[in-house]
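An overview of the molecular structure
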Amino acid sequence: MFERGALAAMGTRFEIVAAGAPASQLRASIEEALEEISLCHQRWSPFSPSSMLSQINRSQGEAVAVDGLTMELLSQCQRWHDDTAGVFDPCVGHLLSERDPRRSGHEDSGILKNASRDSTFTGLTNVDINVAKNSIRLLQPYLQLDLGAVAKGFAMDLATDILRDAGVPSAFLHGGNSSISTIGHPPGATAWKVQLPQSSEVLELRDQSLAVSASKGQYAGEHLLNPITEEWIDAESGGYWVRSNSAAESDAWSTALTVNSGFSESIQFSMPDDMDWGPLRMATSSNANEKTSKVSVVKSDHWSFLPTESEDKI
Amino acid sequence: METDRRDFLIQGAGALAGVALLPGLDTFARTIQDDYPVAIIGTGRQGRAVAAELQKLGAQIVALCDNDAPRLRSGGRRVKDAKTYDDADKMLATEKSVEAVFICTPTHQHRALVDACIAAGKHIYCEAPLAHTVEDAKAIASAARGSSKVFQAGLLARSNPVYSLARSFYRTEAFLKLVSMRAQNARKDSWRQAASTAERQARLDWRLHESTSTGLPGEWGTHQFDVFHWFSGKYPVRIHGNGAVRVWDDGRKVADTVNLALEFDQGECLEYQATLGNSFGGRYEVLHGVNSAFKLAWSHGWMFKEADAATQGWEVYANRQRFFNDEGITLIADATQLASQNKLKDGVGLPHDSLYYGVSDFLTSCQEGKAPKTGASEGFRATLVGIAAHRAVVEGGTIEISPDDLKEA
């Protein structure tokens, strides 16, 4: 009944299950959707020196012509940045590089962090996003972009569009169990049901997306940055889920809500009317490896195909 | 600079270490005229990939054309300012400002589109293989020869900086004499296209139809065979082939796994394997020489020296790497400059996809009136070899290729 495919990309595991069409059609649709995700990884991986993102981060003030999807994603980032009063900010790549030397441009940031830095760090206002010229220019020499908060969701939106265009009536896509996109409903049920982490709360998804973001990282400790103060968000400060019509939107807003919860004085911004959200229940365990931002899918008699907790340790 | 195993894996260098051959990144700065007006016919995966490289190069994609509505919509999303057409003739008649057209449609549609573009006075970049039949390939080559405009076949090795550098070593004592050749392309993929209706599925699955497909040897092999044509300056004289549907037993007749032996005139042999059933090893070509071997994998290339080969002057700049049981050295041209910038690691792989360099060369040829690196003749001969290799698989036997077969007219 179900066809299933998976892909390792963007530092996580993407998985698609689909139903409601001939197996060969589902298989071909899943392959094309996963290939699109793979292309997104190639564009926006901070670990690959040849990615579009790395080329931007190495540009040192020069305008870089980019492909249409990179421009679309960065334009959306600009909107999220504005709508969250700067709480959502992809201009933290140079700070992440200081913790993770595998990131491209690390050598450059090592050189440039000694340069005088603008004391009024204001995120995306330091990036010239020129839609007419299809180019990106970093206006501060030390600045580096990181799209980790939204690239996953954006890729899943593209993959979902491919499945829809291919006539797939029923599908569930997830990236690392923390970003989810759905088409229709599973056979024999009215909606895809998702259980939130550390909770018995179940959310229903039907042609909707869900993202969860938590201040405690997947494997250890703090992993989110306060873009205003450039300090790491306390790992115990909390997390949020967001349900909307777009996985990228859910990713961006859940990240913004979680980052904002780590501020000593929260910044005021309005959530869009067409999405709902809520806080995550935080684990009380002191186990640093406990995964707090993983959702699990509620099984039914008709569809029990997603990884169980034990399988999810791949 | 030390490069550890993890870095090596992250950079996708594959399972072998050796001497990585790479030109300096700065050497390949492009000087394409901004806003050069182009159009793309065919907005499937390849057409969209071409669009992305054109955008990076600063060209102006004026128009997109595809008779498949979802694909045209997908292309339009990526190139927001482009006008979209579902008919190529209408696009060519309307978009007079377009200087060059990229033909990225299914192979069997190339001939009619090449004719239309030549009639409209456009430069043409045509994906390879050029055609699904020898007759169409000859017609395309003939039409291109009769045009005053640029015609480039989409065989990317000849524009790839890694391959160019390797070829420069091929012609020296560092390689010495060709011993043998081997290549593979391995993916796990049904080769079916995602489609919402049976009619659309049948149209998009042209690679699985015997009447329109050149199979794995044509669709994939053509690109890889041309590497050996280009390096050796030779074309095979006979091809032995066999193949089968090993994995995707869904009623298809086109083999999903093929094995080929392409023989050349002095006993050289290229062994080639392609499959849709297993992705191990991916896509690469290997040339064995008396003094060294090259492994070329599109974004990366390595040279493996024989112990008795003379030490090269450039080895002093190379990084030493250990990977499994092999220790090799990673060389990047302009290594001194890159090292001074602490960018040696950045230089291990090409900064762009191979397609970027092919598209860039084409635009340069169009703007400067220069002959393309891969013209219609090279495209025709590679296509002919691909078609012959496919025939060898279909017939499960041997196909002879005479010098006359390689003549365009």
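Residue numbering note: each chain is counted from 1, following its sequence as written. Working convention: letters from A go to chains and numbers from 1 go to ligands, in the order in which they are written. Totals for whole chains, interfaces and linings use all residues, but because this is a predicted model, local features are given only for residues with pLDDT of at least 70 and pairs of side-chain atoms are given and counted only at 80 or more.

Structural notes on helix α1 (residues 23-44) of chain A
Helix and strand assignments follow DSSP, with helices taken as H or I runs no shorter than four residues and strands as E runs no shorter than two, numbered in order from the N terminus. Here, expected helix span is obtained from the residue count minus one, scaled by 1.5 Å. The end-to-end C-alpha separation of α1(A) is 32 Å, in line with the 32 Å expected for 22 residues at 1.5 Å each. Whether a residue is buried, exposed or partly exposed follows from its count of other C-beta atoms within 10 Å of its own C-beta, namely 20 or more, 12 or fewer, or something in between, respectively; the C-beta atoms are built from the backbone. Extensive coverage of α1(A) is indicated by the burial of 16 of its 22 residues.

Concerning the domain arrangement of chain A
Residues and elements named next belong to chain A. Per the domain assignment, the segments making up chain A are domain 1 (3-44 + 150-313) and domain 2 (52-138). Any pair of residues counts as being in contact when their C-beta atoms, constructed from backbone geometry, are within 7 Å of one another. Listed per partner, the contact involves 16 residues of domain 1 and 20 residues of domain 2. Counting residues per element, the ones that place at least two in the side of domain 1 that touches domain 2 are α1 and α7 (247-261). With six residues, the top contributor of residues to the side of domain 1 that touches domain 2 is α7. Taken together, the residues of the side of domain 1 that touches domain 2 sort by class into twelve nonpolar, two polar and two charged. For every domain, the bounds stem from an assignment made automatically or drawn from a database. Put simply, Ala, Val, Leu, Ile, Met, Phe, Trp, Tyr, Cys and Pro go in the nonpolar bin, Asp, Glu, Lys and Arg in the charged bin, and everything else, Gly too, in the polar bin.

Quick word on the nonpolar core
One finds A159(A), V38(B), A39(B), I41(B), I61(B), V101(B) and I103(B) to be the most contacted residues of the largest nonpolar core, which totals 185 residues. Residue contributions to this core peak at eleven residues, all from helix α12 (residues 376-395) of chain B. Residues within four places of A159(A) in sequence aside, it is in contact with I16(A), A33(A), E36(A), I37(A) and L173(A). The nonpolar core criterion groups buried Ala, Val, Leu, Ile, Met, Phe, Trp, Tyr and Cys residues into a set whenever they are joined through C-beta atoms within 7 Å.

Describing the pairing of strand β13 (residues 292-296) of chain B
Residue and element names in this part refer to chain B. Within β13, five of the five residues are buried, leaving the element largely enclosed by the surrounding structure. The alternating pattern of β13 places S292, F294 and L296 and A293 and K295 on opposite faces, both of which are buried. One bridge is not enough; two strands pair if DSSP finds at least two bridges between them. Judged from the four bridges that link them, strand β12 (residues 283-289) and β13 form a sheet pairing that is antiparallel. Residue H288 lies in a different strand from β13, and its bridge partner there is A293. Following β12, the chain reverses through two residues before pairing antiparallel with β13.

Some thoughts on the interface of chain B and chain A
Taken together, the contact pairs 30 residues of chain B with 23 residues of chain A. If you list the elements that add at least two residues to the side of chain B that touches chain A, you get α2 (45-57) and α3 (69-78) of chain B. The element best represented in the side of chain B that touches chain A is α2(B), accounting for five residues. A breakdown of the residues in the side of chain B that touches chain A according to their chemical character gives ten nonpolar, eleven polar and nine charged.

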